[in-house]
Protein chains: 2
Amino acid sequence: MSEIKVVTNILKANDELSALNSKKFDEKSIYVINLMSSPGSGKTSILEKVITKLKPEMKIGIIEGDLYTTMDTQRIESKGVPVVQINTEGACHLDANMIQDAINNLNLNGLELLVVENVGNLVCPAEFEIGEDIKITVLSTTEGNDKPLKYPLAFEKSGAVILNKVDLIEYTDFDKQRFYDDVRSINETVTFFETSCTKDLGLDELCIWIKNKVEEKQNASKGK
Amino acid sequence: MSEIKVVTNILKANDELSALNSKKFDEKSIYVINLMSSPGSGKTSILEKVITKLKPEMKIGIIEGDLYTTMDTQRIESKGVPVVQINTEGACHLDANMIQDAINNLNLNGLELLVVENVGNLVCPAEFEIGEDIKITVLSTTEGNDKPLKYPLAFEKSGAVILNKVDLIEYTDFDKQRFYDDVRSINETVTFFETSCTKDLGLDELCIWIKNKVEEKQNASKGK
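Residues numbered from 1 in each chain as written. Chains lettered and ligands numbered in written order. Predicted model: local features only at pLDDT ≥ 70, side-chain atom pairs only at ≥ 80, totals over all residues. Heavy atoms only, no water.

Q: Sorry, what's going on with the sheet that holds strand β4 (residues 113-117) of chain A here?
A: Strand pairing in a sheet takes place through backbone hydrogen bonds and is either antiparallel or parallel in direction. Residues and elements named next belong to chain A. Read across the open sheet, the seven strands follow the order β3-β2-β4-β1-β5-β6-β7; overall the sheet is parallel. A strand with exactly one partner marks an edge of an open sheet, and here the two such strands are β3 (83-87) and β7 (191-194). Mean inter-strand twist for the sheet, computed between neighbouring axes without regard to direction, equals 20°. Running over the sheet, helix α7 (residues 176-186) touches β5 (134-140), β6 (160-164) and β7 and is turned about 155° from β7. (Pairing = 2+ DSSP bridges. Helix = DSSP H or I, 4+ residues; strand = E, 2+ residues; numbered from the N terminus. Axes fitted to C-alpha atoms, helices over the stretch in contact; angles between N-to-C directions. Contact = heavy atoms within 4.5 Å.)

Q: Explanation requested: the pattern of salt bridges in the structure shown.
A: Two side chains carrying opposite charge are able to pair once their charged atoms lie near each other. Residues and elements named next belong to chain A. The tally for this structure, following the rule as stated, stands at 28 salt bridges over all chains. With a closest N to O distance of 3.3 Å, Asp200 and Lys53 form a salt bridge. In this pair, Asp200 sits in the loop between β7 and α8 (203-222) while Lys53 sits in helix α2 (residues 43-54), placing the two residues 147 residues apart along the sequence. A residue is classified by how much of its surface remains accessible, and Asp200, at 36% relative accessible area, is partly exposed. The exposure class assigned to Lys53 is partly exposed, which follows from its relative accessible area of 23%. (Salt bridge = Lys/Arg side-chain N within 4 Å of Asp/Glu carboxyl O. Buried < 20%, exposed > 50% of the residue type's maximum accessible area, 1.4 Å probe, protein only.)

Q: How do you make sense of the packing of aromatic side chains when you look at a structure like this?
A: One pass over the full model with this rule turns up 11 aromatic pairs over all chains. With a centroid separation of 5.2 Å and an interplanar angle of 65°, the aromatic rings of Phe193 of chain B and Trp209 of chain B are classed as edge-to-face. Residue Phe193 of chain B is found in strand β7 (residues 191-194), and its partner Trp209 of chain B is found in helix α8 (residues 203-222); the two are separated by 16 residues along the sequence. Grouping aromatic residues by their ring pairs yields a cluster made of Phe174, Phe179, Tyr180 and Phe192 of chain A. (Phe/Tyr/Trp six-rings, centres within 6.5 Å; stacked < 30°, edge-to-face > 60°.)

Q: Can you help me understand the relation of the copies chain B and chain A in this one?
A: The pair of chain copies shares a relation made of a rotation about an axis and a shift along it. Note on the identical chains: chain B maps onto chain A by a rotation of 180° and an axial translation of 0.0 Å, with an RMSD of 0.0 Å. Both copies of the chain, as the preceding transformation shows, are related through a two-fold rotation axis. (Least-squares fit on C-alpha atoms with pLDDT ≥ 70 in both.)

Q: Where do I start with the side chain of Ser41 of chain B in this structure?
A: Residues and elements named next belong to chain B. On the secondary structure map, Ser41 appears in the loop between β1 (31-36) and α2 (43-54). A residue is classified by how much of its surface remains accessible, and Ser41, at 0% relative accessible area, is buried. Within polar-contact distance, the side chain of Ser41 engages the side chain of Ser37 at 3.4 Å. Polar contacts involving the side chain of Ser41 include one to the side chain of Glu143, which spans 2.6 Å. Other than its neighbours up to four places away in sequence, Ser41 contacts Val138, Ser140, Glu143, Asn164 and Lys165. (Polar contact = N/O pair within 3.5 Å; in protein donor to acceptor, adjacent residues only side chain to side chain.)

Q: For this particular structure, what's the right way to read the pairing of strand β3 (residues 83-87) of chain B?
A: Regular strands place their side chains on alternate faces of the sheet. Residue and element names in this part refer to chain B. Bridging between strand β2 (residues 60-66) and β3 involves five bridges; their strand directions are parallel. Note on β3: the bridge partner recorded for Gly65 is Ile86. In this fold, β2 hands off to helix α3 (residues 71-77), which returns the chain to β3; that crossover is right-handed. (Right-handed = clockwise from strand over helix to strand, strands pointing away.)

Q: Sorry if this is basic, but what is going on with the sheet that holds β2 of chain B here?
A: All names here are of chain B. Across the sheet, which stays open at both edges, the seven strands sit in the order β3-β2-β4-β1-β5-β6-β7 with parallel pairing between neighbours. Of all the strands in the sheet, just β3 and β7 have a single pairing partner and so form its edges. Sheet twist, expressed as the average angle between the axes of neighbouring strands with direction ignored, equals 20°. Inspection of the sheet shows strand β5 (residues 134-140) paired to strand β6 (residues 160-164) by five bridges, in the parallel sense. Bridge pairing in β6 places Thr137 opposite Val161. With respect to the sheet, helix α4 (residues 96-103) is in contact with β2, β3 and β4 (113-117), its orientation differing from that of β3 by roughly 145°.

Q: Explanation requested: helix α7 (residues 176-186) of chain B in the structure shown.
A: The α-helix advances 3.6 residues per turn, and as a result positions three or four apart in sequence lie on the same side. Residue and element names in this part refer to chain B. For α7, the complete set of buried residues consists of Phe179, Tyr180, Asp182 and Val183. Buried positions in α7, seen along its axis, are confined to an arc of 165° and lie on one side of it. Those residues of α7 that are exposed and aimed more than 90 degrees away from the buried face are Gln177 and Ser185. The elements touched by buried residues of α7 are β5, α5 (147-150), α6 (152-157), β6 and β7. The distance from a side-chain oxygen at the start of α7 to the backbone nitrogen of Gln177 is 3.2 Å, and the residue carrying that oxygen is Asp175. (Arc of directions from axis to C-beta.)

Q: Would you mind going over unusual backbone geometry with me for this structure?
A: Leave glycine aside and you will find that most residues have negative phi; peptide bonds, for their part, are mostly trans. Residue and element names in this part refer to chain A. Despite not being glycine, Glu89 shows a phi value in the positive range, around 55°. Turning to its location among the elements, Glu89 is positioned in the loop between β3 and α4 (96-103). Classification of Glu89 by relative accessible area gives exposed; the value is 58%.

Q: Can you walk me through the confidence of the model for chain A in this structure?
A: Detailed reading of the predicted coordinates is not advisable wherever pLDDT falls low. Looking at chain A, pLDDT values average 95 and 96% of them are 70 or higher. Here the prediction assigns the complex a pTM of 0.94, and the interface score ipTM is 0.91. (pLDDT = per-residue confidence, 0-100.)

Q: Help me understand α2 of chain A in this model?
A: With 12 residues, α2 of chain A extends 16 Å between its outermost C-alpha atoms, agreeing within 8% with the 16 Å of an ideal straight helix rising 1.5 Å per residue. Those residues of α2 of chain A that fall on the buried side of the exposure criterion are Lys43, Thr44, Ile46, Leu47, Glu48, Val50, Ile51 and Leu54 of chain A. (Expected span 1.5 Å × (residues − 1).)

Q: Mind showing me how you'd approach the state of the cysteines here?
A: One covalent bond between the sulfur atoms of two cysteine residues makes up a disulfide. What the rule picks out here adds up to zero disulfides over all chains. There is no disulfide at Cys207 of chain B, and the cysteine sulfur nearest it, in Cys197 of chain B, is 10 Å away. (Disulfide = S-S within 2.5 Å.)

In structure tokens form, the structure reads like this:
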């Protein structure tokens, strides 16, 4: 029972810090995406593509979450945008406190889009709010269409779901209709994207959608 | 600080229960595999193949770990072996206490091989001993060769690593030499297997190796 109480306290403390982060992002009119998936679904590859396509149009910052390494940060840095690395030292998710530390090391002035690439884990990250505007979950076709029902929280909490590696679907038994039906049964209002980073499919649509979200947030803050 | 203390206490309590499970498995001469990977690497598919190939030669039992669903248990039950389902209700890993409960619902008499399919998660399951003889981690080629360095604990603690979906490697940029070098840098003594469940590759080698391990344990207990 004491374990449960501690977990509840941790989540409550996290929610409070998350609200502070969110307030800061709103004040600066920064649209914040929390990008989640299993290891190897293609979060970093999608990010590389999105940065390349959107960098001429807006100021982008990235927070990279990893257990120990800086491999993804090196990939993102080569795209010429500011990146802050969070090493969780074994912890299985990012939390609001880590994000608070990270944004103290990031120049937020003028930033319009901040993408936080979470630790590769389809379970734990979905439990921790970090102050984001939206969670986006990536699933790759090679992981199988049964994952939304098996790991529902990430799909339930996401505003958008990206089905990645659609170029490989023909080599798998992935049932796309089943996948869509299952995600909709958990989350009626989710927006879907289908992408392939190797074949550059669906990424323009994703970027247009992100750009609209960023503009909505800019306009909302101007209207205040 | 109190959070860290609680975590340490949880891991200590888990180690004690794990030792009890291990003692029970040794008394019954049951070889126990803790099968770990990200969601969608192919744990259940590998298990289906292993059961089909080894069932004529030994008595096999399975424990299926999942957050909520019984989808994998249904797949395994159709292979005609006893299965106990553990639903973690959102928890991101199995622990020794869950296994203790599960084996109270499994007839251990005469059992020679018990495979525990852990929750799909490359981070947390590796932290919790469950009383197993060996941990085996599965990685699929479509997840990318950078995963051992990014998620080292599972690879460090495993006695064997299975590279699955080798039939898809030609459609990816997976660098096999890099993968082997990286795993070896974390774990010098690991045994490697390469498998494809759709093409039935490497599974006979895996089954022969498992059979040897099971026989070693049987012989060791006879020698006592």
